[in-house]
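Inside the fold
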Amino acid sequence: MMTDMTFESSASPASSDTVFLFSYFAGNGEDGLRLAASADGLVWTPLNQGKSFLAPTIGTKLMRDPCICYGPDGVFHMVWTSGWNDPGIGVAHSRDLVQWSEQEWLPLMEAEPDALNCWAPEIFFDPVKEQYLIFWATTIPGRFPDTEDSGDVGKGGAFNHRMYFVTTRDFKTYSVPALFYDDGFNVIDATLVQVGSRFALVVKDETKIPVAKKNLRIAWADQAEGPYGPASDPISPKWVEGPSVLKIGEDWIMYYDEYTRHHYGAMRSSDFKHWEIITESVQFAADSRHGSAFIAPRVIAERLPGFGGA
């Protein structure tokens, strides 16, 4: 049975036994996994002198958008974007965030020969069905109406991204990839949060043409696998991506990469509906890109190089 501390990263505030951690990448993800720690969820200090904890070895050998989930098995499970045009993602596991398993390349979209990519995978433990969900964005030309320009997907052009997912209990066998979320618009960078008895899927509206939106919206469901209802009106500024969420005390804090402004931003809410921008109150390393916030046991965090007692 899962405890509050080991429940998905957004479920409970850090305590004397736990620590807020943040996984992220820098540059184009060439040097791999970076980690930061925080005592309050506002000021984030890079660990290991800002150096990589794990270099990528699979796919196109990038480690972008690293998402870490601490599971009920006492293991950190990580997924990441292994390359701009890879039809699969990277997967690895660790008990201490320093020593990692052999990296596995998971060919999620190998059955879709026209799939152009697998972007920004996230992993979420579903406490109801006691299984992991891995979900990501893929464009398959012609599968849905092409709502965007037809530029090179590896340079930001897009066709019709939708969210897909698989489930697993053991990281050995996976369900058949299936459509996870489609609300009729180009969507990437989803993150999943349990709020009370319901599940909130935060997504980036990647619409660029005819009017750029590039903001965050929320869809709701009664179970982790959905189905999810229509997306809300935008809750964030434009030109943000890579949302991640922590619950700190009575409040939710949503972090996001303000990628065109080259810094991290954040919003706060007490009800997951009304959001206040608190970007001026948060501090990240200047090179932080698309990360995921999660909670880890303090006993593990204290052994990480550069941990200063967050």
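The sections below set out a description of the structure shown in this document. (Residues numbered from 1 in each chain as written. Predicted model: local features only at pLDDT ≥ 70, side-chain atom pairs only at ≥ 80, totals over all residues. Heavy atoms only, no water.)

As a further point, take the overall build of the chain. Helices and strands together make up the secondary structure of the chain, namely one helix and 19 strands. Over its C-alpha atoms the chain spans a radius of gyration of 18 Å, differing by no more than 12% from the 19 Å that the globule rule assigns to 310 residues. Along the three orthogonal principal directions, the C-alpha set of the chain runs to about 50 × 40 × 40 Å. Within the span of the chain, comprising 310 residues, buried residues form 59% of the whole. Counted over contacts in the chain with a minimum sequence separation of 6, partners at least 24 positions apart contribute 51%. Taken as a whole, the chain presents about 12,400 Å² of accessible surface, with 51% of it coming from carbon and sulfur. A distance of 2 Å separates the average location of the 25 positive side-chain charges in the chain from that of its 41 negative side-chain charges. (Helix = DSSP H or I, 4+ residues; strand = E, 2+ residues; numbered from the N terminus. Rg over C-alpha atoms; globule rule 2.2 N^0.38 Å. Buried < 20%, exposed > 50% of the residue type's maximum accessible area, 1.4 Å probe, protein only. Contact = heavy atoms within 4.5 Å. Areas by Shrake-Rupley, 256 points an atom, 1.4 Å probe, with all protein chains shown as cover. Lys, Arg positive; Asp, Glu negative; His and termini not counted. Charge placed at Lys NZ, Arg CZ, Asp CG, Glu CD.)

The next point concerns the sheet that holds strand β17 (residues 263-269). As a general point, the strands of a sheet are linked pairwise by backbone hydrogen bonds and lie either parallel or antiparallel. One open sheet accounts for four strands, arranged β15-β16-β17-β18; its pairing is antiparallel. Strands at the two margins of the open sheet, each flanked by one partner only, are β15 (241-248) and β18 (276-277). (Pairing = 2+ DSSP bridges.)

In this section: the sheet that holds strand β14 (residues 215-221). The sheet built from three strands is open, its strands ordered β12-β13-β14 with antiparallel pairing. The open sheet is flanked by β12 (187-195) and β14, the only strands paired with a single partner. Ignoring which end each strand starts from, the neighbouring axes of this sheet average 25 degrees apart. Strand direction decides the pairing type here: β12 and strand β13 (residues 198-205), joined by seven bridges, are antiparallel. (Axes fitted to C-alpha atoms, helices over the stretch in contact; angles between N-to-C directions.)

Our focus in this paragraph is the pattern of salt bridges. Counted according to the given criterion, the structure contains 14 salt bridges. Measuring nitrogen to oxygen at the nearest pair gives 2.6 Å for the salt bridge that ties R34 to D31. Overall, the relative accessible area of 12% leaves R34 in the buried class. Linked by salt bridges that have partners in common, K204, E206, K214, E241, D257 and R289 make up one network. (Salt bridge = Lys/Arg side-chain N within 4 Å of Asp/Glu carboxyl O.)

By themselves, these observations are geometric and do not establish any function.
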